[in-house]
Amino acid sequence: MTIKKVGIIGAGTMGNGIAQACAVVGIPAVMLDINDAAVQKGVATISGSLDRLVKKEKMTAEQKAAAMALIKPTTAMADFAGVDIVIEAATENLGLKLKLLKDVEAAIGADTIIASNTSSISITQLAAATGRAGKFIGMHFFNPVPMMALVELIRGLQTTDETHAAVEGLARALGKSPITVKNNPGFVVNRILCPMINEAIFVLAEGLASAEEIDAGMKLGCNHPIGPLALADMIGLDTMLAVMNVFYEGFNDSKYRPAPLLKEMVAAGYLGRKTGRGFYTY
């Protein structure tokens, strides 16, 4: 099966990034969100992103217009009729995802694949809540989607070889480099990355060094392109906390407990770049 048309639930950072990645390679994308304001904000983000490519002469104005024409913004699940895959890119909340999956199943054909962009929730659990567990897979993109080459393909216990092959083909068509991993909390990258960021927050809270010094140490000493605290701000501290809670509950291991300072920051509404304040001020 070749995936020729994509539906996307969510017009936020990940959703609009996935829509852009599809459109620039000629794959039509239907991008849905809860209201028109959210959808139009996603469209504006894509337009601005493509404008930067035009300015850098990596794309022509005509190519931008052609890509934008392939993106259909919507608030109606019924517009997913005819897509080959729906990629769920909603907030990292199990209850919300389960509701959305139930709603989308009523709007799509029996052969349509469903993928979740979750960064930590069990693909097997999500698949079991649908009537097409064999056609369910994890497709975890990385932020910013248009620039990051990696896509983690997570097979649930029920995912068929045919589903995996079709979604792997889509990832390659998008110019990505997919890796296939087993279903487990955090999969591969976040299983390694998020506890490291969480530990950096413990180090900051203990006063061992400032945020700037911690980040400089990891950049200069470990050759990381961005420090862990700046990265946490980019990811969103609420997302970081949600992932660490999934790890803590999923593994029942205290080494995954969220740093108290992380909980405090989220409670204060200091969520990183999206709120203008996290470990740094933006």
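Definitions and limits used
- Residues numbered from 1 in each chain as written.
- Predicted model: local features only at pLDDT ≥ 70, side-chain atom pairs only at ≥ 80, totals over all residues.
- Heavy atoms only, no water.
- Helix = DSSP H or I, 4+ residues; strand = E, 2+ residues; numbered from the N terminus.
- Expected span 1.5 Å × (residues − 1).
- Buried < 20%, exposed > 50% of the residue type's maximum accessible area, 1.4 Å probe, protein only.
- Arc of directions from axis to C-beta.
- Contact = heavy atoms within 4.5 Å.
- Phe/Tyr/Trp six-rings, centres within 6.5 Å; stacked < 30°, edge-to-face > 60°.
- Lys NZ or Arg CZ within 6 Å of the ring centre and 35° of its normal.
- Core = buried A, V, L, I, M, F, W, Y, C linked by side-chain atoms within 4.5 Å.
- Axes fitted to C-alpha atoms, helices over the stretch in contact; angles between N-to-C directions.
- Parallel < 35°, antiparallel > 145°, perpendicular 65-115°, else oblique.
- Left-handed = near helix turned anticlockwise from the far one by under 90°.
- Nonpolar A, V, L, I, M, F, W, Y, C, P; charged D, E, K, R; others polar.
- Salt bridge = Lys/Arg side-chain N within 4 Å of Asp/Glu carboxyl O.
- Patch = residues over 30% accessible without salt bridge, like charges linked within 9 Å, V, L, I, M, F, W, Y side chains within 5 Å.
- Areas by Shrake-Rupley, 256 points an atom, 1.4 Å probe, with all protein chains shown as cover.
- Pairing = 2+ DSSP bridges.
- Right-handed = clockwise from strand over helix to strand, strands pointing away.

A look at helix H4 (residues 94-105)
Three or four residues apart is the spacing at which side chains of an α-helix point the same way, because the helix has 3.6 residues per turn.
Step number 1: With twelve residues, H4 ought to run about 16 Å at 1.5 Å a step, and its terminal C-alpha atoms sit 17 Å apart, in line with that.
Step number 2: What H4 keeps buried is the set Lys97, Leu100, Leu101, Val104 and Glu105. Down the axis of H4, the sector holding all buried residues measures 130 degrees, keeping them to one side. Facing away from the buried side of H4 by over 90 degrees, the exposed positions are Lys99 and Lys102.
Step number 3: Summarising the contacts, the buried residues of H4 are in contact with strand E1 (6-9), strand E4 (85-88), strand E5 (113-116), helix H5 (123-128) and strand E6 (136-141).

Describing the packing of aromatic side chains
Step number 1: By the definition in use, this model includes three aromatic pairs.
Step number 2: Taking 5.6 Å as the distance between ring centres and 75 degrees as the angle between the ring planes, the aromatic pair formed by Phe247 and Tyr256 counts as edge-to-face. Tyr256 carries the same exposure label as Phe247, and that label is buried.
Step number 3: One aromatic cluster is present, formed by Phe247, Phe251 and Tyr256 through successive ring pairs.
Step number 4: A cation over an aromatic ring shows up here: Arg277 above the ring of Tyr270, its NZ or CZ 4.0 Å from the ring centre.

Description of the nonpolar core
Step number 1: Among the nonpolar cores identified, the biggest contains 36 residues, and Val6, Ile85, Ile87, Met139, Phe141 and Leu170 are the most heavily contacted of them.
Step number 2: It is helix H1 (residues 13-24) that contributes the most residues to this core, six residues altogether.
Step number 3: The contact partners of Phe141, leaving out residues within four places of it in the chain, are Met14, Ile18, Ile87, Asn117, Leu150, Val151 and Leu174.
Step number 4: Judged by nonpolar contacts, the second largest core, of 23 residues, contains Cys194, Leu262, Phe279 and Tyr280.

Observations regarding the packing of helix H10 (residues 237-251) against helix H11 (residues 260-268)
Step number 1: H11 packs onto H10 with a crossing angle of 135 degrees between their chain directions and a minimal axis gap of 9 Å. In terms of axis orientation, H10 runs oblique to H11. Here the hand of the crossing between H10 and H11 comes out left-handed. Every residue of H11 that contacts H10 at Leu237, Asp238, Met240 and Leu241 is listed here: Leu262, Lys263, Met265 and Val266.
Step number 2: Across the contact of H10 with H11, the residue classes break down as six nonpolar, no polar and two charged.

Let's talk about the pattern of salt bridges
Step number 1: Applying the stated criterion to the full structure yields eight salt bridges.
Step number 2: Note that Lys64 and Asp51 form a salt bridge whose closest N and O atoms lie 2.8 Å from each other. Here Lys64 is found in helix H3 (residues 61-69), whereas its partner Asp51 is found in helix H2 (residues 36-55), with 13 residues between them in sequence.
Step number 3: For Lys64, a relative accessible area of 16% translates into the label buried.
Step number 4: Residue classification places Asp51 among the partly exposed residues on the basis of a relative accessible area of 38%.
Step number 5: Each of Glu88, Glu92 and Lys97 takes part in a single network of salt bridges with overlapping partners.

Digging into a nonpolar patch on the surface
Step number 1: Nonpolar side chains collect at one region of the surface, where Ile179, Val188 and Ile192 lie side by side and expose about 240 Å² of accessible area between them.
Step number 2: For Ile179, the location among the structural elements is in strand E8 (residues 177-182).
Step number 3: For Ile179, a relative accessible area of 32% translates into the label partly exposed.

Concerning the sheet that holds strand E2 (residues 29-32)
Step number 1: Read across the sheet, eight strands follow the order E3-E2-E1-E4-E5-E6-E7-E8 without closing on themselves; strand pairing throughout is mixed. With one partner strand each, in any of the chains shown, strand E3 (71-74) and E8 form the two edges of the open sheet. The average undirected angle you get between the axes of adjacent strands in this sheet is 25 degrees.
Step number 2: Strand direction decides the pairing type here: E4 and E5, joined by four bridges, are parallel. Residue Val86 lies in a different strand from E5, and its bridge partner there is Ile114.
Step number 3: Helix-sheet contacts for H1 involve E1, E2, E3, E4 and E6, and the interaxial angle to E2 is about 170 degrees.

Quick look at the pairing of E4
Step number 1: Of the two faces of E4, both are covered, the one formed by Ile85 and Ile87 as well as the one formed by Val86 and Glu88.
Step number 2: The pairing of E1 with E4 spans four bridges and is classified as parallel. Residue pairing across strands places Ile9 opposite Glu88, the latter belonging to E4.
Step number 3: Between the parallel pair E4 and E5, the chain is carried across by H4, and the sense of this crossover is right-handed.

Some points on the pairing of E2
Step number 1: Alternating residues of E2 divide into Ala29 and Met31 and Val30 and Leu32, and every residue in both groups is buried.
Step number 2: Pairing of E1 with E2 involves four bridges; the strand directions are parallel. Residue pairing in the sheet places Gly7 in a bridge with Val30 of E2.
Step number 3: You can see the chain leave E1, run along H1 and come back into E2, and the turn it takes is right-handed.
Step number 4: Here E2 pairs with E3 via four bridges, running parallel. Pairing of Met31 across the sheet is with Pro73, part of E3.

By themselves, these observations are geometric and do not establish any function.
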